[in-house]
Amino acid sequence: MKSPSQTTAIDFDSAKLQRLGFGQLPPLLQRPVSLAQLRQQMSLQLQTSLEPQRILGLFFREVQRLVPLDALSYVHSGSDLRLEFGARGHHSASYSLSHDGEHMGELVFRRNQRFSEQELGNLESLLSSLLYPMRNALLYRVATQTALRDPLTGAGNRIAMEQTLQREIEMSRRHLQPLSLLMLDIDHFKQVNDIHGHTAGDEVLKAVAASIKDQLRNVDMVFRYGGEEFLILLSNTSREAAAMVGERLRYAAQAQDYYADGQLIELTVSLGCSTLLPGESADSLLRRADSALYVAKREGRNRLTMAG
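Reading guide: rules and limits
- Each chain carries its own residue numbering, running from 1 in the written order of its sequence.
- Predicted model: local features are reported for residues with pLDDT of at least 70 only, side-chain atom pairs are reported and counted for 80 or more only, and whole-chain, interface and lining totals are derived from all residues.
- Derived side-chain values reflect all non-hydrogen atoms in the structure, with water molecules and hydrogen atoms excluded from consideration.
- Helix and strand labels come from DSSP, where a helix needs a run of H or I of at least four residues and a strand needs a run of E of at least two; each type is numbered from the N terminus.
- The buried label applies to any residue whose accessible area, calculated with a 1.4 Å probe on protein chains only, is under 20% of its type's maximum; exposed applies above 50%, and partly exposed to all values in between.
- In what follows, residue pairs with any heavy atoms lying within 4.5 Å of each other are defined as contacts.
- Areas reported as accessible are Shrake-Rupley estimates using a 1.4 Å probe. Residue values count occlusion only from the protein chains shown.
- Residue-level confidence of the predictor is summarised by pLDDT, bounded by 0 at the bottom and 100 at the top.
- Expected span of a helix: the number of residues minus one, times 1.5 Å.
- Put simply, buried Ala, Val, Leu, Ile, Met, Phe, Trp, Tyr and Cys residues joined by side-chain atoms within 4.5 Å make one nonpolar core.
- Centre distance within 6.5 Å is the pairing criterion for rings of Phe, Tyr and Trp, where only the six-membered ring of Trp is used; planes under 30 degrees apart are then read as stacked, over 60 as edge-to-face, and the remainder as tilted.
- As a reminder, the over-ring test applies to NZ of lysine and CZ of arginine, requiring each to be within 6 Å of the ring centre and within 35 degrees of the ring normal.

Trainee: Mind laying out the overall build of the chain, listing which residues take part and the relevant values?
Mentor: A count of helices and strands for the chain gives ten helices and twelve strands. Taken across its 308 residues, the chain has 50% of its residues classed as buried. Residue pairs in contact within the chain that sit at least 24 positions apart in sequence constitute 65% of those at least 6 positions apart. Surface accessibility of the chain: about 15,800 Å² in total, with carbon and sulfur atoms responsible for 50%.

Right under this line is the structure:
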């Protein structure tokens, strides 16, 4: 570290790992046998999981046996992954992880005391144990996300919705917080396909999905429920707050311009909303939102109806 507030940035790639190796250490990193032993132990421990949070948690804990730390943070924008362990410190050491030109995220160590050159060297050496387990975990995460995502709109699919809904219901009951659902349907969507073709219909679906996401918090979740239906899961959201979100989504969808072959398409959406009742099942919550959506469409579309 050159100054208390300066961050050391290092591109920790495969070539550097080969130079560090698992055998003889460079002169700067000459340490008691405990460094090599710790690195070897970590190499085995970190390969026991494909969960990034568990891998980094183990890494954070084990590194502190050699280099005291106050915090560790990790960001991989490609998979929307952000993890933090511990409390923030005044001094930091930042590492850019890469493998064969593939960016694998940014890792930052923090503590209140300045890092010595030898400690920075030890951190670099120990990072050699992290690279391949994290690469495998990121590949697994991408594969899992792909399996749970609608390929057209990028929203979650039905499998992801069922898993997430059950988990959110359990959390809602455990923490005594409200949970609401919005079921959104594009009005007269069949006409878009019939008049302009399915390619134009796909573009409309993608545009509506993007419009929904733009109006929500990071903690809210969007799923493609059917052909032109989307389900929005609003955690810690009361009936009244969910109604406000629903109206905001309705206005946003109506205000957006949709085009097919240069021709403007006027589009509206209808929504049904339900809020979790004491002891209610996931199926019941979904049925009530679907029934409210049916009422909205029966009464003229382009409106929000609340479940009774």
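What follows continues from the structure just given.
Trainee: I'd like a rundown of unusual backbone geometry, residues and numbers included.
Mentor: Here the phi dihedral of Arg 301 falls at roughly 70°; this positive angle occurs in a residue that is not glycine. Considering the arrangement of structural elements, one finds Arg 301 in the loop between helix H10 (282–298) and strand S12 (304–306). For Arg 301, a relative accessible area of 28% puts it in the partly exposed group. Not every positive phi belongs to a glycine, and Asn 302 is a case in point at roughly 55°. Secondary-structure assignment places Asn 302 in the loop between H10 and S12.

Trainee: With reference to specific residues and values, describe the confidence of the model for the chain.
Mentor: For the chain, per-residue confidence averages 86 on the pLDDT scale, and residues scoring 70 or more make up 89% of the total. Scored below 50 in pLDDT, residues 1–33 shows 70 contacts in the model against residues more than four places distant or in partner chains.

Trainee: Outline helix H9 (residues 239–255), listing residues and values.
Mentor: For H9, built from 17 residues, the straight-helix expectation of 24 Å at 1.5 Å per residue is met to within 8% by its first-to-last C-alpha distance of 24 Å. Lining the buried residues of H9 we find strand S6 (179–186), helix H8 (198–214), strand S8 (229–235), strand S9 (258–260), strand S11 (269–275) and S12.

Trainee: Let's hear about the nonpolar core: which residues, and what values?
Mentor: Counting 34 residues, the largest nonpolar core has Leu 56, Phe 59, Leu 107, Phe 109 and Leu 130 as its most contacted members. Listed by contribution, the elements that provide at least two residues to this core are helix H2 (34–45), helix H3 (52–63), strand S2 (71–76), strand S3 (81–86), strand S4 (91–99), strand S5 (102–111), helix H4 (117–127) and helix H5 (131–147). Sorting elements by how many residues they give to this core places H3 first, with six residues. Leu 184, Val 192, Leu 249 and Ala 253 belong to the second-largest nonpolar core, a separate cluster that totals 31 residues.

Trainee: Got a sec to walk through the packing of aromatic side chains? Specific residues and values, please.
Mentor: Throughout the structure, instances matching the rule amount to three aromatic pairs. Plain terms: the ring middles of Tyr 95 and Phe 109 are 5.7 Å apart, the flat faces sit at 75° to each other, and that makes the pair edge-to-face. On the criterion of sequence distance, the pair formed by Tyr 95 in strand S4 and Phe 109 in strand S5 is long-range, its members being 14 residues apart. The buried category is assigned to Phe 109, whose relative accessible area is 0%. Counting every residue linked through ring pairs, the aromatic cluster contains Phe 59, Tyr 95 and Phe 109. Here Arg 111 stacks its cationic end above the ring of Phe 115, 4.4 Å away from the centre of that ring. Over the ring of Tyr 251 we find Arg 250; its NZ or CZ atom is 4.7 Å from the centre of that ring.

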